[in-house]
Amino acid sequence: MKSKFEMRRNGPLPTRTLAGLFLLGLVASMSAMATVTVNVNGNVATAVVELPDANTPTSTATVTIAFDSVTNLTPDSLNLTASLIDPGHPPPLPAQVSIDPAFPVLIEIEPTVALFRNGFESGQTGNGNLAFTNTYVFDIDTSNLQCASATSTYRLFKAEHGSDTFDDVTEDLFHGSVRARGRGGAFSRFVLVKDDRPQTLVGLPIIAPLKLTNLVLRLAAAPSVTGTLLTTLVGLLTQVTTDLTTLNINAALSDLDLFIAGINAASSSNAIANKWNADRSLTNDAGELLGLAQSLRFSLTLLKGDPVCTLPPVN
């Protein structure tokens, strides 16, 4: 008489088992859809992304993440992945913002928590978790898209960890192939989009006030910003609001630069929380405020009339 194990092994597989094998196959095929090769050099990680895979890439990009200061940065600790998305059914985006079918790619950076220190990783410190101070600069360069116009609407959008809300974090846009850059103090998902929203409506700014509001709200929610520092920073953003309301864009840029300098100075003197850790036990107020402020600065330069698709910096 056959045991139950032998009957299952030699006979037809139960429906539940077949479903499980199907799901395993589906997961395996999905994981093979992208080839991501990551290299680390000091404080900089560079990833070559090829989709659907390296053998038949139709979407390619080079992603660079440069940290102000970082520990335990390895290709594995960064946990950078990429996937194709349906341009017709993208993640939640504002009205008049869309995914270009020529590059329907979602980049995710979700550093994992180290379960234990791996003694084989050179330079590993503390608990082994990826951690950084202040900001990282995220740069994505793809030849699938062309940045040939001084008024190009390509932008870098980001959703924070645990959120489906994507917002503009563009800090720079360089010419040739599209090369977009943004800054942040926390990780998650990034997409290149076409943002066809007007910068102004009947002469009044549209995008910049939205970014300014997000910056004001983030400052109000920063637990480490108190006392004289809070008073100073609130005063500067109030002045930026006045400048923007009166369309004094040069003054708005000057006051915003003072705000950015104030955050940097506070970070240097440890007067503001400025660290991020993969276990997400820390709140990086400095990094997130700087990311929002630099993206607002980009929008102010557009109101001033500065072109995009400029020459990229010399690395």
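Preceding this paragraph is the structure being described.
The structure presented is a predicted model; accordingly, all values stated were derived computationally and were not measured.

About the thresholds
- Residues numbered from 1 in each chain as written.
- Predicted model: local features only at pLDDT ≥ 70, side-chain atom pairs only at ≥ 80, totals over all residues.
- Heavy atoms only, no water.
- Helix = DSSP H or I, 4+ residues; strand = E, 2+ residues; numbered from the N terminus.
- Areas by Shrake-Rupley, 256 points an atom, 1.4 Å probe, with all protein chains shown as cover.
- Pairing = 2+ DSSP bridges.
- Disulfide = S-S within 2.5 Å.
- Buried < 20%, exposed > 50% of the residue type's maximum accessible area, 1.4 Å probe, protein only.
- Phe/Tyr/Trp six-rings, centres within 6.5 Å; stacked < 30°, edge-to-face > 60°.
- Axes fitted to C-alpha atoms, helices over the stretch in contact; angles between N-to-C directions.
- Parallel < 35°, antiparallel > 145°, perpendicular 65-115°, else oblique.
- Left-handed = near helix turned anticlockwise from the far one by under 90°.
- Contact = heavy atoms within 4.5 Å.
- Nonpolar A, V, L, I, M, F, W, Y, C, P; charged D, E, K, R; others polar.
- Patch = residues over 30% accessible without salt bridge, like charges linked within 9 Å, V, L, I, M, F, W, Y side chains within 5 Å.
- Salt bridge = Lys/Arg side-chain N within 4 Å of Asp/Glu carboxyl O.

A. Structural view of the overall build of the protein chain. Helix and strand counts for the protein chain stand at seven helices and 15 strands. Per element, the accessible surface of the protein chain, about 15,800 Å² overall, is 58% carbon and sulfur.

B. Here's a closer look at the pairing of strand E1 (residues 35-41). Where E1 meets strand E2 (residues 44-51), seven bridges bridge the pair, whose relative direction is antiparallel. Looking at E2, one finds that Thr-35 is bridged to Glu-50.

C. Just the state of the cysteines, in detail. Following the criterion strictly, the structure yields one disulfide and no others. Here Cys-147 connects covalently by a disulfide to Cys-309, the sulfurs 1.8 Å from one another. Looking along the S-S bond of the Cys-147-Cys-309 disulfide, the torsion reads about -85 degrees, which is the left-handed sense. With Cys-147 in strand E7 (residues 131-147) and Cys-309 in the segment after helix H7 (285-304), this residue pair connects regions lying 162 residues apart in the sequence. Each member of the pair, Cys-147 together with Cys-309, is buried.

D. Structural detail: the packing of aromatic side chains. Taken as a whole, this structure holds nine aromatic pairs when the rule is applied. With centroids separated by 6.2 Å and ring planes inclined at 55 degrees, the aromatic side chains of Phe-67 and Tyr-136 adopt a geometry described as tilted. Taken together, the residues Phe-67 in strand E3 (residues 59-71) and Tyr-136 in strand E7 connect sequence positions 69 residues apart. The pair Phe-67 / Tyr-136 is uniform in exposure class, with both members buried. Consider the rings of Phe-187 and Trp-276, whose centres lie 5.4 Å apart with planes at 90 degrees: the pair is edge-to-face. Of the two residues, Phe-187 sits in the loop between strand E11 (176-184) and strand E12 (188-195) while Trp-276 sits in strand E15 (residues 275-277), which places them 89 residues apart along the sequence. Judged on exposure class, the residue Phe-187 and its partner Trp-276 are both buried. Ring pairs connect the aromatic residues Phe-67, Phe-132, Tyr-136, Phe-187 and Trp-276, which therefore count as one cluster.

E. Structural view of the packing of helix H6 (residues 249-268) against H7. Here H6 crosses H7 at 165 degrees, and the two axes come no closer than 10 Å. Relative to H7, H6 is oriented roughly antiparallel. Two packed elements cross with a definite hand, and for H6 against H7 that hand is left-handed. Counting all contacts with H6, which are made through Ile-249, Asn-250, Ala-252, Leu-253, Leu-256, Asp-257, Phe-259, Ile-260, Ile-263, Asn-264 and Ser-267, the residues of H7 involved are Ala-286, Leu-289, Leu-290, Ala-293, Gln-294, Leu-296, Arg-297, Leu-300, Thr-301, Leu-303 and Lys-304. For the contact of H6 with H7, the per-class residue count stands at 14 nonpolar, five polar and three charged.

F. Examining a nonpolar patch on the surface more closely. A cluster of nonpolar side chains, contributed by Leu-201, Val-202, Leu-204 and Leu-247, occupies part of the molecular surface with about 420 Å² of accessible area. Within the element layout of this structure, Val-202 appears in the loop between strand E13 (200-201) and strand E14 (204-205). Residue class for Val-202 comes out exposed when judged on its relative accessible area of 78%.

G. Local environment of the pattern of salt bridges. The final tally for this structure, using the stated rule, is eleven salt bridges. Ionic pairing is found between Arg-197 and Asp-195, a salt bridge with its closest N-O pair at 2.7 Å. The partner of Glu-288 in a salt bridge is Arg-218, with the nearest N and O atoms 2.9 Å apart. Of this pair, Glu-288 sits in helix H7 while Arg-218 sits in helix H4 (residues 207-220); the two residues are 70 residues apart in sequence, bridging distant segments of the chain. You can call Arg-218 buried: its relative accessible area is 13%. One salt-bridge network, held together by shared partners, links Asp-139, Arg-179 and Arg-181.

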